[in-house]
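# Remarks on the overall topology
The lines below spell out each chain.
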Amino acid sequence: MNIMTQPTNTAASRSGQLIAVGSGKGGVGKTWFSITLAHALARRGRKIMMFDGDLGLANADIQLGLMPKHDLNDVISGTCSIDEALMRIPEAGFCILPGRSGTASLANLPAETLDHVLAALRQSAGGFDDVIVDLGAGIDPSVRRMTAFADIVLLVITEDPSSLTDAYAVLKLLKADRPDTPLDVRIVVNQASSVAAGKRAYGSLARAARGFLRLDPPLLGLINRDERVSDAIRRQSLLLTRAPQSPAAADIETIARRLCRA
Ligand SMILES: Nc1ncnc2c1ncn2[C@@H]1O[C@H](COP(=O)(O)OP(=O)(O)OP(=O)(O)O)[C@@H](O)[C@H]1O
Ligand SMILES: [Mg+2]
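Our subject in this report is the structure included herewith.

Reading the values: the criteria
Residues numbered from 1 in each chain as written. Chains lettered and ligands numbered in written order. Predicted model: local features only at pLDDT ≥ 70, side-chain atom pairs only at ≥ 80, totals over all residues. Near = placed C-beta within 6 Å. Helix = DSSP H or I, 4+ residues; strand = E, 2+ residues; numbered from the N terminus. Nonpolar A, V, L, I, M, F, W, Y, C, P; charged D, E, K, R; others polar. Expected span 1.5 Å × (residues − 1). Buried ≥ 20, exposed ≤ 12 C-beta atoms within 10 Å, placed from the backbone. Arc of directions from axis to C-beta. Contact = placed C-beta atoms within 7 Å. Pairing = 2+ DSSP bridges. Axes fitted to C-alpha atoms, helices over the stretch in contact; angles between N-to-C directions.

## Re the site of ligand 1
The local shell around ligand 1 holds 20 residues, among which Gly26, Gly29, Thr31, Ala137 and Ser230 are the closest. Elements with a contribution of two residues or more to the shell around ligand 1: α1 (30-43), β7 (185-192) and α10 (227-234). In terms of residue class, the shell around ligand 1 is made up of seven nonpolar, nine polar and four charged.

Have a look at this one:
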(Lines give C-alpha, C1' and ligand atoms only; values in the text may rest on other atoms or scores of the structure.)
(Ligands and ions follow the chains in the order given, each with its own letter.)
Protein backbone atom coordinates (compact mmCIF):
# COMPACT_ATOMS: atom_id res chain seq x y z
CA MET A 1 0.00 0.00 0.00
CA ASN A 2 1.25 3.48 -0.77
CA ILE A 3 2.18 5.36 2.39
CA MET A 4 0.11 8.34 1.25
CA THR A 5 -3.08 6.35 1.25
CA GLN A 6 -2.62 4.56 4.53
CA PRO A 7 -5.35 5.28 7.01
CA THR A 8 -4.43 7.43 9.97
CA ASN A 9 -6.33 7.63 13.21
CA THR A 10 -4.50 10.77 14.30
CA ALA A 11 -6.73 13.78 14.76
CA ALA A 12 -5.19 16.85 13.12
CA SER A 13 -5.86 19.02 16.13
CA ARG A 14 -2.43 20.11 17.34
CA SER A 15 0.05 22.54 15.85
CA GLY A 16 2.38 19.72 14.80
CA GLN A 17 5.36 21.88 13.99
CA LEU A 18 8.29 20.07 12.44
CA ILE A 19 11.54 20.94 14.21
CA ALA A 20 14.58 19.65 12.30
CA VAL A 21 17.87 19.22 14.16
CA GLY A 22 20.81 19.54 11.79
CA SER A 23 24.46 20.48 11.75
CA GLY A 24 26.26 19.55 8.57
CA LYS A 25 29.16 18.19 10.62
CA GLY A 26 28.85 14.75 12.15
CA GLY A 27 29.16 13.88 15.81
CA VAL A 28 28.25 17.29 17.27
CA GLY A 29 25.44 15.79 19.40
CA LYS A 30 22.31 16.05 17.21
CA THR A 31 20.82 12.71 18.20
CA TRP A 32 21.45 13.12 21.91
CA PHE A 33 20.10 16.69 21.74
CA SER A 34 16.98 15.58 19.80
CA ILE A 35 16.21 12.85 22.34
CA THR A 36 16.83 15.04 25.36
CA LEU A 37 14.91 17.99 23.93
CA ALA A 38 11.98 15.66 23.13
CA HIS A 39 12.11 14.42 26.73
CA ALA A 40 12.26 17.96 28.16
CA LEU A 41 9.34 19.14 26.01
CA ALA A 42 7.30 16.06 26.96
CA ARG A 43 7.94 16.81 30.63
CA ARG A 44 6.52 20.27 30.03
CA GLY A 45 3.26 18.63 28.95
CA ARG A 46 3.75 18.77 25.19
CA LYS A 47 2.82 15.85 22.97
CA ILE A 48 6.01 14.97 21.15
CA MET A 49 7.05 12.68 18.32
CA MET A 50 10.68 12.11 17.48
CA PHE A 51 11.44 11.07 13.90
CA ASP A 52 14.79 9.43 13.23
CA GLY A 53 15.66 11.14 9.98
CA ASP A 54 19.22 9.85 9.81
CA LEU A 55 18.45 7.71 6.78
CA GLY A 56 20.72 4.72 6.57
CA LEU A 57 22.61 5.38 9.82
CA ALA A 58 19.77 5.70 12.30
CA ASN A 59 20.74 5.29 15.94
CA ALA A 60 18.25 7.12 18.16
CA ASP A 61 16.76 3.74 19.18
CA ILE A 62 20.25 2.59 20.21
CA GLN A 63 20.83 5.69 22.35
CA LEU A 64 17.46 4.99 23.96
CA GLY A 65 18.09 1.24 24.39
CA LEU A 66 14.96 0.30 22.43
CA MET A 67 14.11 -2.79 20.39
CA PRO A 68 11.60 -1.41 17.88
CA LYS A 69 9.02 -3.70 16.35
CA HIS A 70 8.58 -1.43 13.35
CA ASP A 71 10.63 1.32 11.78
CA LEU A 72 10.76 3.77 8.90
CA ASN A 73 11.72 1.02 6.48
CA ASP A 74 8.42 -0.75 7.21
CA VAL A 75 6.56 2.49 6.55
CA ILE A 76 8.30 2.96 3.21
CA SER A 77 7.77 -0.65 2.16
CA GLY A 78 4.08 -0.32 3.03
CA THR A 79 4.07 -2.86 5.89
CA CYS A 80 2.59 -0.28 8.25
CA SER A 81 1.65 3.39 8.52
CA ILE A 82 3.62 6.01 10.45
CA ASP A 83 1.08 5.90 13.27
CA GLU A 84 1.39 2.11 13.47
CA ALA A 85 5.19 2.26 13.48
CA LEU A 86 5.32 4.81 16.30
CA MET A 87 6.82 3.43 19.49
CA ARG A 88 5.83 4.99 22.77
CA ILE A 89 8.56 5.29 25.40
CA PRO A 90 6.66 5.39 28.70
CA GLU A 91 9.58 6.54 30.86
CA ALA A 92 10.28 9.42 28.46
CA GLY A 93 6.67 10.38 27.71
CA PHE A 94 7.14 10.71 23.96
CA CYS A 95 6.85 8.57 20.82
CA ILE A 96 9.56 7.74 18.35
CA LEU A 97 9.47 6.68 14.75
CA PRO A 98 12.71 4.67 14.65
CA GLY A 99 14.91 4.48 11.59
CA ARG A 100 17.02 1.57 10.43
CA SER A 101 20.77 1.42 10.14
CA GLY A 102 22.74 -0.05 7.25
CA THR A 103 19.88 -0.27 4.78
CA ALA A 104 20.98 0.84 1.34
CA SER A 105 17.43 1.53 0.15
CA LEU A 106 16.96 4.07 2.96
CA ALA A 107 20.36 5.66 2.45
CA ASN A 108 19.58 6.16 -1.25
CA LEU A 109 15.91 7.03 -0.99
CA PRO A 110 14.57 8.54 -4.24
CA ALA A 111 13.35 12.14 -3.85
CA GLU A 112 9.80 11.14 -4.75
CA THR A 113 9.64 8.49 -1.99
CA LEU A 114 11.08 10.91 0.56
CA ASP A 115 8.45 13.48 -0.42
CA HIS A 116 5.74 10.87 0.22
CA VAL A 117 7.23 10.11 3.63
CA LEU A 118 7.39 13.81 4.48
CA ALA A 119 3.79 14.36 3.40
CA ALA A 120 2.68 11.42 5.57
CA LEU A 121 4.78 12.79 8.44
CA ARG A 122 3.12 16.20 8.07
CA GLN A 123 -0.27 14.50 8.35
CA SER A 124 0.68 12.49 11.45
CA ALA A 125 2.24 15.59 12.98
CA GLY A 126 -1.26 17.04 13.37
CA GLY A 127 -1.72 14.73 16.35
CA PHE A 128 1.34 16.21 18.11
CA ASP A 129 2.53 19.55 19.40
CA ASP A 130 6.04 19.13 18.03
CA VAL A 131 7.83 16.60 15.83
CA ILE A 132 11.57 16.58 16.40
CA VAL A 133 13.42 15.36 13.29
CA ASP A 134 16.95 14.14 13.98
CA LEU A 135 18.87 14.62 10.73
CA GLY A 136 21.96 12.83 9.53
CA ALA A 137 25.28 14.59 9.04
CA GLY A 138 26.31 15.99 5.68
CA ILE A 139 24.43 17.89 3.03
CA ASP A 140 23.20 15.12 0.75
CA PRO A 141 19.94 15.70 -1.15
CA SER A 142 17.80 13.88 1.48
CA VAL A 143 19.20 15.96 4.33
CA ARG A 144 18.62 19.14 2.31
CA ARG A 145 15.06 18.14 1.49
CA MET A 146 14.18 17.36 5.10
CA THR A 147 15.83 20.56 6.31
CA ALA A 148 13.92 22.68 3.83
CA PHE A 149 10.64 20.92 4.71
CA ALA A 150 10.86 21.81 8.42
CA ASP A 151 9.06 24.70 10.12
CA ILE A 152 11.96 25.37 12.46
CA VAL A 153 15.60 24.33 11.99
CA LEU A 154 17.79 24.00 15.06
CA LEU A 155 21.36 24.13 13.84
CA VAL A 156 23.74 22.49 16.30
CA ILE A 157 27.32 23.75 16.32
CA THR A 158 30.34 23.28 18.54
CA GLU A 159 33.45 25.40 19.02
CA ASP A 160 35.20 23.32 16.38
CA PRO A 161 35.90 25.60 13.37
CA SER A 162 34.84 22.85 10.94
CA SER A 163 31.45 22.72 12.65
CA LEU A 164 31.06 26.46 11.94
CA THR A 165 31.94 26.13 8.26
CA ASP A 166 29.61 23.14 7.90
CA ALA A 167 26.76 24.97 9.63
CA TYR A 168 27.37 27.94 7.34
CA ALA A 169 27.10 25.57 4.35
CA VAL A 170 23.76 24.27 5.67
CA LEU A 171 22.46 27.84 6.03
CA LYS A 172 23.60 28.74 2.53
CA LEU A 173 21.90 25.71 0.96
CA LEU A 174 18.75 26.22 3.02
CA LYS A 175 18.52 29.78 1.75
CA ALA A 176 18.92 28.50 -1.81
CA ASP A 177 16.32 25.75 -1.25
CA ARG A 178 13.75 28.11 0.31
CA PRO A 179 14.27 31.37 -1.56
CA ASP A 180 10.73 32.67 -1.09
CA THR A 181 9.78 31.58 2.41
CA PRO A 182 11.06 33.10 5.63
CA LEU A 183 13.49 30.82 7.45
CA ASP A 184 13.19 30.10 11.15
CA VAL A 185 16.68 28.88 12.00
CA ARG A 186 18.00 28.98 15.55
CA ILE A 187 21.48 28.09 16.71
CA VAL A 188 22.37 25.70 19.53
CA VAL A 189 25.99 25.59 20.69
CA ASN A 190 26.69 22.14 22.13
CA GLN A 191 29.69 20.88 24.09
CA ALA A 192 30.58 24.46 25.07
CA SER A 193 33.77 24.67 27.16
CA SER A 194 32.51 27.92 28.71
CA VAL A 195 29.71 30.42 28.16
CA ALA A 196 32.18 32.90 26.66
CA ALA A 197 33.66 30.33 24.25
CA GLY A 198 30.19 29.13 23.23
CA LYS A 199 29.06 32.70 22.55
CA ARG A 200 32.21 33.32 20.53
CA ALA A 201 31.42 30.29 18.34
CA TYR A 202 27.88 31.58 17.81
CA GLY A 203 29.23 35.07 17.08
CA SER A 204 31.53 33.79 14.33
CA LEU A 205 28.71 31.93 12.59
CA ALA A 206 26.23 34.79 13.02
CA ARG A 207 28.73 37.33 11.57
CA ALA A 208 29.30 35.20 8.46
CA ALA A 209 25.55 34.55 8.05
CA ARG A 210 24.75 38.27 8.34
CA GLY A 211 27.62 39.41 6.13
CA PHE A 212 27.34 36.92 3.30
CA LEU A 213 23.81 35.47 3.46
CA ARG A 214 21.82 38.32 5.02
CA LEU A 215 20.49 35.87 7.59
CA ASP A 216 20.33 36.60 11.29
CA PRO A 217 19.75 33.28 13.11
CA PRO A 218 19.29 33.85 16.84
CA LEU A 219 21.09 31.89 19.54
CA LEU A 220 18.57 29.48 21.09
CA GLY A 221 20.97 28.30 23.76
CA LEU A 222 24.30 26.90 24.90
CA ILE A 223 24.86 23.41 26.27
CA ASN A 224 27.88 22.73 28.43
CA ARG A 225 30.33 20.00 27.63
CA ASP A 226 29.37 17.56 30.34
CA GLU A 227 30.74 14.06 30.88
CA ARG A 228 27.34 12.98 32.20
CA VAL A 229 26.07 13.25 28.60
CA SER A 230 28.47 10.59 27.32
CA ASP A 231 27.80 8.57 30.45
CA ALA A 232 24.02 8.65 29.83
CA ILE A 233 24.53 7.68 26.16
CA ARG A 234 26.84 4.80 27.11
CA ARG A 235 24.22 3.51 29.52
CA GLN A 236 21.42 4.03 26.98
CA SER A 237 19.58 6.19 29.46
CA LEU A 238 17.95 9.60 29.52
CA LEU A 239 20.07 12.45 30.90
CA LEU A 240 17.12 14.25 32.49
CA THR A 241 16.29 11.09 34.47
CA ARG A 242 19.83 9.94 35.18
CA ALA A 243 21.44 13.30 36.01
CA PRO A 244 18.69 15.91 36.34
CA GLN A 245 20.97 18.27 38.28
CA SER A 246 23.78 18.20 35.72
CA PRO A 247 24.77 21.38 33.86
CA ALA A 248 23.78 19.92 30.47
CA ALA A 249 20.34 18.93 31.84
CA ALA A 250 19.80 22.51 33.06
CA ASP A 251 20.87 23.85 29.66
CA ILE A 252 18.38 21.61 27.84
CA GLU A 253 15.58 22.66 30.21
CA THR A 254 16.37 26.31 29.41
CA ILE A 255 16.22 25.61 25.68
CA ALA A 256 12.91 23.73 26.05
CA ARG A 257 11.46 26.63 28.03
CA ARG A 258 12.53 29.13 25.36
CA LEU A 259 11.07 26.96 22.59
CA CYS A 260 7.74 26.72 24.40
CA ARG A 261 7.64 30.50 24.80
CA ALA A 262 8.50 31.38 21.21
N1 LIG B 1 27.02 18.24 25.82
C2 LIG B 1 27.86 17.22 25.63
N3 LIG B 1 28.87 16.99 26.51
C4 LIG B 1 29.72 15.97 26.34
N5 LIG B 1 29.68 15.11 25.29
C6 LIG B 1 28.70 15.29 24.38
C7 LIG B 1 27.75 16.34 24.50
N8 LIG B 1 26.90 16.25 23.44
C9 LIG B 1 27.31 15.20 22.70
N10 LIG B 1 28.40 14.62 23.26
C11 LIG B 1 29.19 13.47 22.73
O12 LIG B 1 29.08 13.47 21.32
C13 LIG B 1 28.85 12.16 20.86
C14 LIG B 1 28.05 12.19 19.59
O15 LIG B 1 26.71 12.46 19.88
P16 LIG B 1 25.54 12.15 18.84
O17 LIG B 1 25.61 10.76 18.38
O18 LIG B 1 24.28 12.63 19.46
O19 LIG B 1 26.01 13.12 17.65
P20 LIG B 1 25.36 13.29 16.22
O21 LIG B 1 25.56 14.72 15.81
O22 LIG B 1 23.98 12.78 16.21
O23 LIG B 1 26.29 12.33 15.34
P24 LIG B 1 26.01 11.89 13.80
O25 LIG B 1 26.32 13.09 12.96
O26 LIG B 1 26.99 10.77 13.59
O27 LIG B 1 24.58 11.48 13.70
C28 LIG B 1 28.16 11.44 22.02
O29 LIG B 1 28.44 10.08 22.02
C30 LIG B 1 28.69 12.12 23.24
O31 LIG B 1 29.80 11.42 23.72
MG1 LIG C 1 23.04 11.34 15.01
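## Concerning the environment of Asp231
Within the fold, Asp231 resides in helix α10. For the pair formed by Asp231 and Arg242, sequence separation is 11 residues and the distance between their alpha carbons is 9.4 Å.

## Notes on helix α6 (residues 111-125)
For α6, spanning 15 residues, the distance from its first C-alpha to its last is 20 Å, which sits close to the expected 21 Å at 1.5 Å a residue. Turning to α6, its buried residues number three or more, namely Val117, Ala120, Leu121, Ser124 and Ala125. Taken down its axis, α6 places every buried residue within 140° of arc, on the same side. In α6, those exposed residues whose orientation departs by more than 90 degrees from the buried face are Ala111, Glu112 and Ala119. Tucked into the core, α6 has its buried residues touching β1 (17-22), β2 (48-53), α3 (72-77), α4 (82-85) and β5 (130-135).

## Quick look at the sheet that holds β5
The sheet built from eight strands is open, its strands ordered β3-β4-β2-β5-β1-β6-β7-β8 with mixed pairing. Each end of this open sheet is capped by a strand with a single partner; those strands are β3 (87-89) and β8 (219-224). Along the sheet, successive strands turn relative to each other by an average axial angle of 25°, direction set aside. With three bridges connecting them, β2 and strand β4 (residues 94-97) associate as parallel partners. What sits directly across from Met49, in β4, is Cys95. Along the sheet, helix α7 (residues 141-149) makes contact with β1, β2, β5 and β6 (152-157), crossing β1 at roughly 140°.

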